[in-house]
Amino acid sequence: MSDAAVTMVVTEPRGPLSRSLGETTSPMGKSVRMSVTASGVCNADIGTAAATGKGTSFPVTPGHEVAGVIAEVGDQVEGWSAGDRVAVGWFGGSCGHCAFCRAGDVVHCPERKIPGLSYPGGWAQNITVPADALARIPDGLDFFDAAPFGCAGVTTFNAVRKAGTRAGGRVAVFGIGGLGHLAVQFAAKLGFETVAIARGGEREKLARDLGAHHYIDSDAQEPGAALKELGGADLIVHTASSTAPVAELLTGLNVHGQLTLVGVDAGSVTVPAARLVMNGHTVTGHLTGSPRETEETMRFAVINGVRPMIERMPLEQAGEAVTRLRSGAPRFRIVLDTTGGE
């Protein structure tokens, strides 16, 4: 046992997040204990904090965008030491022996773990995680910027860079929020002609400041039609939570273009089959990234000046952070500070 630490917990379905104080335990085997400095608040955390999932085990501690320092290592951990600056994201560990893991595709491991769901998450001063979930934070990146890269950052970076878009191609980002504001930066820094699409004209200046070459107000015009007028997009990264706009967006996709969904809801996507076939379109989904890819994302961000726009809130205000996120108020990521402002 070691010093007591603060953890934010939910103790019943749809219950409030409350402060809990408990003793920390040393990690066993291939796990490490992190001393958490910063922990992001993501849209997915709204569901985790509701604690209504089938088979939920209480208490629940949400949080899957975690950055801090290794405090202790288990007796079977190799390659990591106390004091290492590390981050953990939506990928929280895998089995290591299935076909996906053996192929290097750990993200699609059927036994993949998620912090906050598979084990207590990062809305705490300490978190214990499998060592294979760790990503090293590079010099030049602070903990509060690093935390969102484990989920929002690596997801959008991979969605843009893995699409195979031709050099100098046109990339459109639909939705300028927690995911989209990073996707715009990555697309522009990767050298693509970048189009930002959002509701209302008030976000145009911000979008252009983030690197967008064009801005489309989806309240003023149909975004797919507007994209077509620009010459069409080679890639559309859909970061908004509603999938309803997808069919119209496809009208702005070039021949052999791709639409990648990273923001989704419980709805379905309707794709006109004839248009899909005649234009050779690809509609695909993308899910997070591995720890190695998170490291690549962070290094790219340091070299190219990509940063999340964040609001800091004290750990004890995690409940208020969820309320703000649910209302759509943050611009654009909330990161909880576990240090008490020290």
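Cut-off values and rules
Residues numbered from 1 in each chain as written. Predicted model: local features only at pLDDT ≥ 70, side-chain atom pairs only at ≥ 80, totals over all residues. Heavy atoms only, no water. Patch = residues over 30% accessible without salt bridge, like charges linked within 9 Å, V, L, I, M, F, W, Y side chains within 5 Å. Areas by Shrake-Rupley, 256 points an atom, 1.4 Å probe, with all protein chains shown as cover. Salt bridge = Lys/Arg side-chain N within 4 Å of Asp/Glu carboxyl O. Helix = DSSP H or I, 4+ residues; strand = E, 2+ residues; numbered from the N terminus. Buried < 20%, exposed > 50% of the residue type's maximum accessible area, 1.4 Å probe, protein only. Contact = heavy atoms within 4.5 Å. Pairing = 2+ DSSP bridges. Right-handed = clockwise from strand over helix to strand, strands pointing away. Axes fitted to C-alpha atoms, helices over the stretch in contact; angles between N-to-C directions. Lys, Arg positive; Asp, Glu negative; His and termini not counted. Polar contact = N/O pair within 3.5 Å; in protein donor to acceptor, adjacent residues only side chain to side chain.

## Examining a nonpolar patch on the surface
Then step 1. On the surface, a cluster of nonpolar side chains totalling about 280 Å² of accessible area is made up of V269, L276, V277 and V283.
Then step 2. Mapped onto the elements, L276 comes out in helix α9 (residues 273–279).

## Notes on helix α4 (residues 152–161)
Then step 1. In terms of residue burial, α4 counts as a mostly covered element, since nine of its 10 residues are buried.
Then step 2. Looking only at α4, the buried set comprises A152, G153, V154, T155, T156, F157, N158, A159 and V160.
Then step 3. As for α4, its buried residues are in contact with α5 (180–189), β11 (233–238), β12 (253–261), α10 (291–304) and β15 (333–337).

## Overview of the pattern of salt bridges
Then step 1. Taken as a whole, this structure holds 14 salt bridges when the rule is applied.
Then step 2. Across the pair R166 and D234 runs a salt bridge, and its minimum N-O distance is 3.3 Å. Of this pair, R166 sits in the loop between α4 and β8 (170–174) while D234 sits in strand β11, placing them 68 residues apart in sequence.
Then step 3. Its relative accessible area of 52% is what places R166 among the exposed residues.
Then step 4. Of the charged contacts in the structure, one is a salt bridge between E311 and R324, with a shortest N-O distance of 2.9 Å. Of this pair, E311 sits in strand β14 (residues 310–314) while R324 is found in helix α11 (residues 318–327), placing the two residues 13 residues apart along the sequence.
Then step 5. Classification of E311 as partly exposed rests on a relative accessible area of 22%.
Then step 6. With a relative accessible area of 29%, R324 lands in the partly exposed category.
Then step 7. Sharing partners across several salt bridges, the network here consists of R161, R292 and E296.

## Looking at the environment of I216
Then step 1. Tracing the backbone shows I216 in strand β10 (residues 214–217).
Then step 2. Residues I216 and A226 lie 10 residues apart in sequence; the distance between their C-alpha atoms is 7.1 Å.

## Structural notes on the environment of L141
Then step 1. Tracing the chain through its elements places L141 in the loop between β7 (135–136) and α3 (143–146).
Then step 2. Between the alpha carbons of L141 and E295 there is a distance of 11 Å; along the sequence they are 154 residues apart.
Then step 3. The residues touching L141, leaving out its near neighbours within four places in the chain, are R85, A146, F149, M298, V302 and R307.

## Structural notes on the environment of T260
Then step 1. Mapping T260 onto the fold places it in strand β12.
Then step 2. Between the C-alpha atoms of T260 and V237, which are 23 residues apart in sequence, the distance is 5.0 Å.
Then step 3. The contact partners of T260, leaving out residues within four places of it in the chain, are A159, L235, I236, V237, H238, T284, G285 and H286.

## Some words on the pairing of strand β9 (residues 193–198)
Then step 1. Counting buried residues in β9 gives five out of six residues, a clear majority hidden from the surface.
Then step 2. One ladder, built from five bridges, connects β8 with β9; its direction is parallel. For R170, the partnering residue across the bridge sits in β9 and is E193.
Then step 3. This β-α-β element, β8 to α5 to β9, shows right-handed connectivity.
Then step 4. As defined by bridge partners, β9 adjoins β10 across four bridges and the pair is classed as parallel.

## What about α5?
Then step 1. Here α5 lies mainly inside the structure; eight of its 10 residues are buried.
Then step 2. Three or more residues of α5 are buried, namely G180, H181, L182, A183, V184, Q185, F186 and A187.
Then step 3. Where α5 is buried, its residues meet α4, β8, β9, α6 (204–209), α10 and β15.
Then step 4. In the stretch just after α5, G191 is the one whose phi turns positive, near 95°.

## Thoughts on the sheet that holds β9
Then step 1. Taken together, six strands build an open sheet; the order of strands is β10-β9-β8-β11-β12-β13 and the sheet is parallel. The open sheet has two edge strands, β10 and β13 (282–285), and neither has a second partner. For this sheet the average axis-to-axis angle between neighbouring strands, irrespective of direction, equals 20°.
Then step 2. Where helix α7 (residues 223–230) meets the sheet, its contacts fall on β8, β9, β10 and β11, and the angle it forms with β10 comes to roughly 150°.

## Description of the side chain of D217
Then step 1. Within the secondary structure, D217 sits in strand β10.
Then step 2. For the buried residue D217, which engages in no salt bridge, the nearest side chain bearing the opposite charge is R199, 7.1 Å off.
Then step 3. In this structure the side chain of D217 is engaged in a polar contact, spanning 2.9 Å, whose partner is the backbone nitrogen of D219.
Then step 4. Discounting residues that sit within four places of it in the chain, D217 has contacts with A198, R199, G200 and G201.

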